[in-house]
Structure formats: structure tokens, C-alpha cells
Amino acid sequence: MASPECHKAESPEQVRVFLWAVPRSVSTAMTKCMSFVDGVQVWNEPYLCSYHNEKFASNVPGIQKLRDLTTGDGMQHVMKVIEETPRGKRIDNDSFNFPWVKSQLETQDPDKKLIFIKDMAHVMNKRYEYLPASKKFRHTFLIREPISAYTSWFNIFELTYVPGGPSKSEIVKTFSEYLYDIDRIYEYTYDLWKYTKEHLDPDAIIIDGTELVAQPDKLLPKYFEAIGVPYREDYLNWDANSDIITEWKASFLHLISCYMGGVFTTAIDSTSFTPERRSPPSLDSLSPDLLRCVEAAQPYYDEMYAQRLIP
């Protein structure tokens, strides 16, 4: 007679999901939503932090300009807050580099049902050797219409503006020249999507951020089904309390500074997905730099949008 153990159901296999996003695509709100899924461990932007560490450690011309923009009195205040804030699972910023992140993500976390990693797709530009090799990871992509994403992103760059300092246009130029290839963000995202489909996840999923906030009740259940995670209707609303981010594995410095600096604030304080209140600006109202980025991004966005998960 077979032993009782033979009839025990196997434990469900852990689901591991990347959410590769373009900037300002409601990715942090999506991450907060996913933070309330049963048995989840969230990673927030580990590759982005690795990319930033590489850039700021280099001695290429222009990096000092970036340091000047991102340090000063504001950063001193951030450091004071960090000293007074419970760390939770958050990690020292200096720990983050590409090989370390790969090794951490390849390490089993057997007590968790879902590993959810949100990151910026563009920082992986042709550095795919640092992706976990396992095909057990699902790769999903969050995109947004370029004119809306870039307008919001340029506004974030301008948060570093102080009277008497570099002009807003100079700030954007500095970030563009020395930190990111700003006009190639969607190209790099597209390239990563193509790579994952060919080598890691032929069923890589795309969702659109504008559609997510407009129709979360339709799109979110489809996303959960596609990644193989049980869905509950109460995932559409969550607690406003920001304490949930103490459970994220993330750079302590990056998370606190982005929260205090206005980058993550609205998303981390949110309680649900909120439809966009404003229509995108018209093309003829854009600055030359903004228009150049939107026009460069549009073909890549259009092809990915055509392959998206439809609400």
C-alpha cells in the first residue's frame, strides 16, 4: 500500500517575475500593488542602482556635474533621515553591482511564493550576461506612450533645479550626456524585450501603463493569469502606509532619496491605480530636446504596444 506521502500534493513552484519598465510608466505603483500579493518578496531597481554606482564611480568627464546636481543640502537631509529610519530589508547602496545582483537573484528564497523584481530596462543595454540564466524567470514589460513618459521624466530631472544654479535645460542636458542615453531609452527597452523573447521567455508580456491605470480591473487579472499567480479582487486597492517598502530588497539610499525627492512619493503613498487626469501635450508644444526623444522612441513603442496584453 502506498504511503500517505505519495498522495500529498507538491508545493506550488515559486514564481519569479521581472517587471522591466521605461521611466515614469507607473512602475512604482505597480510594485506597491504587487507588494500585497501573498508570499511575495519584492526587489526594487537593483540593476538601476548598480548602473548608477558604476557611473558615479567612474572618472569620465561630466560625472562631477552629476555629483553637483545630486548632492548638497538636500542629500545631507536625506542622510539624516536614513540614519533615523528603520532599515527593514533594505540594503547598503554600495553593495549593488551587476554581478552581485545576478548572484542574489539566482539564489533561492524558498519561503516565498513570488519573487517580483522591478527595474529599468534601459540600464541592461547589451549587458545580458548579468541576467539570471534560468528560464524559470518570467519577463514582463511596462511601457507608456513616449510623449507622456518623457514629459514626466523631464519634470523629474528639473526637481534638482535651484535658483542660481544650472538652468533646467542645462540639467536635462547633463543627465542626457553623462548618465543616460535619454533618446535611446525605448530602443534599449525594445532590444531587451527581443532578447528575452529569443533566449529566456518566448511569452514575454507587455502591458501599457496608461491602460493599467485606466482599466486595472480588466488588465491586472490578465497579468496575474499570464504570470501564473492567483488573483484577488482586493489587489486593486492597498494600504496608503509607506511601511510596506521596508519589506522591499532595495538600496536604502536610493529608495529614501527617491521617496523624499518626489520621484516615488505619489506611488508609495498611493492606495490604488489612478487614471491620468491630463491629456498628453501636443507635439508642437514640446521643447526640441523633448521632441527629439519622443520621435526617436515612437517606433519602438508602437511595435511593443501592438504586442501588448489588451485589457
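See the structure printed just above.
Not measured: the values here are computed from a predicted model. (Residues numbered from 1 in each chain as written. Predicted model: local features only at pLDDT ≥ 70, side-chain atom pairs only at ≥ 80, totals over all residues. Heavy atoms only, no water.)

Student: Let's hear about the overall build of the protein: which residues, and what values?
Tutor: Counting secondary structure elements, the protein contains 13 helices and six strands. Looking at the protein as a whole, 46% of its 311 residues are labelled buried. Partitioning the contacts of the protein with sequence separation of at least 6, the portion at a separation of at least 24 is 86%. Total accessible area on the protein stands at roughly 15,400 Å², and carbon and sulfur atoms take up 51% of it. (Helix = DSSP H or I, 4+ residues; strand = E, 2+ residues; numbered from the N terminus. Buried < 20%, exposed > 50% of the residue type's maximum accessible area, 1.4 Å probe, protein only. Contact = heavy atoms within 4.5 Å. Areas by Shrake-Rupley, 256 points an atom, 1.4 Å probe, with all protein chains shown as cover.)

Student: Describe the environment of Pro23, listing the residues and the values that go with them.
Tutor: In this structure, Pro23 sits in the loop between β1 (15-21) and α1 (27-34). Between the C-alpha atoms of Pro23 and Met120, which are 97 residues apart in sequence, the distance is 6.8 Å. With near-sequence residues (within four places) excluded, Pro23 lies in contact with Met120, His122, Ala149, Trp153 and Ile185.

Student: Please give an account of the packing of helix α2 (residues 46-57) against helix α5 (residues 98-106) that cites residues and values.
Tutor: Running from N to C, α2 and α5 point in directions that differ by 160°, and their axes come no closer than 9 Å. Taken as axis vectors, α2 and α5 run roughly antiparallel relative to one another. You can see that α2 and α5 cross each other, and the crossing is right-handed. Side by side, α2 and α5 meet where Pro46, Tyr47, Ser50, Tyr51 and Glu54 of the first sit next to Phe98, Val101, Lys102 and Leu105 of the second. Residue composition of the contact of α2 with α5, by class: six nonpolar, one polar and two charged. (Axes fitted to C-alpha atoms, helices over the stretch in contact; angles between N-to-C directions. Parallel < 35°, antiparallel > 145°, perpendicular 65-115°, else oblique. Left-handed = near helix turned anticlockwise from the far one by under 90°. Nonpolar A, V, L, I, M, F, W, Y, C, P; charged D, E, K, R; others polar.)

Student: Describe α5, with residues and values.
Tutor: Every buried residue belonging to α5 is among Phe98, Val101 and Leu105, and all of these are buried. Taken down its axis, α5 places every buried residue within 65° of arc, on the same side. Sitting at the head of α5, Asn97 places a side-chain oxygen 2.8 Å from the backbone nitrogen of Trp100. (Arc of directions from axis to C-beta. Polar contact = N/O pair within 3.5 Å; in protein donor to acceptor, adjacent residues only side chain to side chain.)

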